[in-house]
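Survey of secondary and tertiary structure
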Amino acid sequence: ALRFVQSWAMRHDDPERLVQALLRLARSEGSAQERRDLFYERGRLLLTRLGRPQEAIAAFEEATQVDPHFAPALDELAAACESAGDHVRLAQTLERQLAHDSSAHDPLVLIQRLAELYEGPAADDTRASSSLSRSGLRAKEVMSAGGTVGWLLAHAAARREPDI
């Protein structure tokens, strides 16, 4: 019955009904991959067709709970966070992308974006230092990116040096 509702909603271009059907399907699906994909599609529909980034964030989070390495969901989660103005969750998502070796993103670009967030709207020196340390990038690589990455590196270094 739920697949029929999904098919009907798609044929009649009813995104609201489709969002509801995708949620019910995802919650009743036995296959982890299928469940992940249903949550992902629900998130994309919420973000792109219905303009509801907060709800899209929740859907993408559910997709990444099923498969933490699902890069498309992490990418869309970052876009939804950006759209919603949720800078803290955006920084957390960028950190998750940085932690995955299979990420198609350039680590220096991710670190620069993190530095901009931690220097501005998501101000958090501790997380800045921690994300740089976890990234495994050498100081020379980070400095070559310039800009606010230097700020991140300076704060990370200051955190590592003992107080005298």
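Summarised in this report is the structure supplied together with it. (Residues numbered from 1 in each chain as written. Predicted model: local features only at pLDDT ≥ 70, side-chain atom pairs only at ≥ 80, totals over all residues. Heavy atoms only, no water.)

1. Comments concerning the overall build of the protein chain
The condition is simple: Strands here mean DSSP runs of E at least two residues long; helices mean DSSP runs of H or I at least four residues long; both are numbered from the N terminus. Using a 1.4 Å probe on the protein chains alone, a residue whose accessible area is under 20% of its type maximum counts as buried, one over 50% counts as exposed, and one in between counts as partly exposed. Whether two residues are in contact is decided by their heavy atoms: any pair within 4.5 Å suffices. Calculation of accessible area relied on Shrake-Rupley with a 1.4 Å probe; when residues are assessed, cover is drawn exclusively from the protein chains displayed.
Secondary structure assignment for the protein chain yields 10 helices and zero strands. Secondary structure of the protein chain in N-to-C order comes out as α-α-α-α-α-α-α-α-α-α. Going through the 164 residues of the protein chain one by one, you find that 38% of them count as buried. Taking all contacts inside the protein chain whose residues are at least 6 apart in sequence as the whole, residues at least 24 apart take part in 49%. Summed over all atoms, the accessible surface of the protein chain reaches about 8800 Å², with 51% contributed by carbon and sulfur.

2. So, the pattern of salt bridges
Quick reminder of the rule: What counts as a salt bridge is simple: a side-chain nitrogen of Lys or Arg found within 4 Å of a carboxyl oxygen of Asp or Glu.
Taken as a whole, this structure holds 10 salt bridges when the rule is applied. With a closest N to O distance of 3.1 Å, Arg44 and Glu76 form a salt bridge. Of this pair, Arg44 sits in helix H3 (residues 32–49) while Glu76 is found in helix H5 (residues 71–84), placing the two residues 32 residues apart along the sequence. Note on Glu76: relative accessible area 16%, which makes it buried. One salt bridge in this structure joins Arg89 and Glu61, with 3.8 Å as the shortest N-O distance. With Arg89 in helix H6 (residues 87–99) and Glu61 in helix H4 (residues 53–66), this residue pair connects regions lying 28 residues apart in the sequence. Residue Arg89 is classed as partly exposed on the basis of its relative accessible area, which comes to 30%. Each of Glu16, Arg52 and Glu55 takes part in one network of salt bridges that share partners.

3. Here's the deal with the packing of H4 against H5
For clarity, the threshold we go by: To define axes, lines are fitted to C-alpha atoms, for helices over the stretch in contact only, and angles between the resulting N-to-C directions are given on a 0 to 180 degree scale. Note on angle classes: values under 35 degrees are labelled roughly parallel, values over 145 roughly antiparallel, values of 65 to 115 roughly perpendicular, and the remainder oblique. What makes a crossing left-handed is the near helix being turned counterclockwise from the far one by less than a right angle; a clockwise turn instead makes it right-handed. We call Asp, Glu, Lys and Arg charged. Ala, Val, Leu, Ile, Met, Phe, Trp, Tyr, Cys and Pro are nonpolar, and the rest, Gly among them, are polar.
At their nearest, the axes of H4 and H5 sit 9 Å apart, and the two run at 155 degrees to each other. As summarised for this structure, H4 and H5 are arranged roughly antiparallel, according to the angle between their axes. By crossing handedness, the relation of H4 to H5 is classed as left-handed. When H4 is examined against H5, the residues Pro53, Gln54, Ala56, Ile57, Phe60, Glu61, Ala63 and Thr64 are found in contact with a partner set consisting of Ala73, Leu74, Glu76, Leu77, Ala80, Cys81, Ser83 and Ala84. When grouped by side-chain class, the residues that make up the contact of H4 with H5 number 11 nonpolar, three polar and two charged.

4. Regarding the packing of helix H2 (residues 15–28) against H3
Helices that pack against each other are described as a pair by the angle of their axes relative to one another and the distance between those axes. Two elements in contact, H2 and H3, have axes whose closest approach is 9 Å; the angle formed by their N-to-C orientations is 160 degrees. Considering their axes alone, H2 and H3 lie roughly antiparallel with respect to each other. Considering only the axes of H2 and H3, their crossing is left-handed. Note on element contacts: H3 touches H2 through Arg35, Leu38, Phe39, Glu41, Arg42, Leu45, Leu46 and Arg49, opposite Pro15, Leu18, Val19, Leu22, Leu23, Leu25 and Ala26. Classifying every residue of the contact of H2 with H3 gives 11 nonpolar, no polar and four charged.

5. Structural notes on the packing of aromatic side chains
This is how it is decided: Centres within 6.5 Å are what make two rings of Phe, Tyr or Trp a pair, Trp counting through its six-membered ring; a difference in plane orientation under 30 degrees is then read as stacked, over 60 as edge-to-face, and the rest as tilted. We call a charge positioned over a ring when the NZ of a Lys or the CZ of an Arg lies within 6 Å of the ring centre and within 35 degrees of the ring normal.
Using the criterion set out here, one finds two aromatic pairs in the structure. Between Tyr40 and Phe60, the ring centres sit 6.0 Å apart and the planes meet at 55 degrees, which makes this aromatic pair tilted. Placement of Tyr40 in helix H3 and of Phe60 in helix H4 is noted, with a sequence separation of 20 residues between them. Given a relative accessible area of 13%, Tyr40 falls into the buried group. Judged by its relative accessible area of 0%, Phe60 is buried. Centroid distance Tyr40 to Phe70: 5.4 Å. Interplanar angle 80 degrees. Geometry classified as edge-to-face. Of this pair, Tyr40 sits in helix H3 while Phe70 sits in the loop between H4 and H5; the two residues are 30 residues apart in sequence, bridging distant segments of the chain. The ring of Phe70 is capped by Arg36, whose NZ or CZ atom sits 3.8 Å from the centre of that ring.

Function cannot be inferred from these measures alone, as they are strictly geometric.
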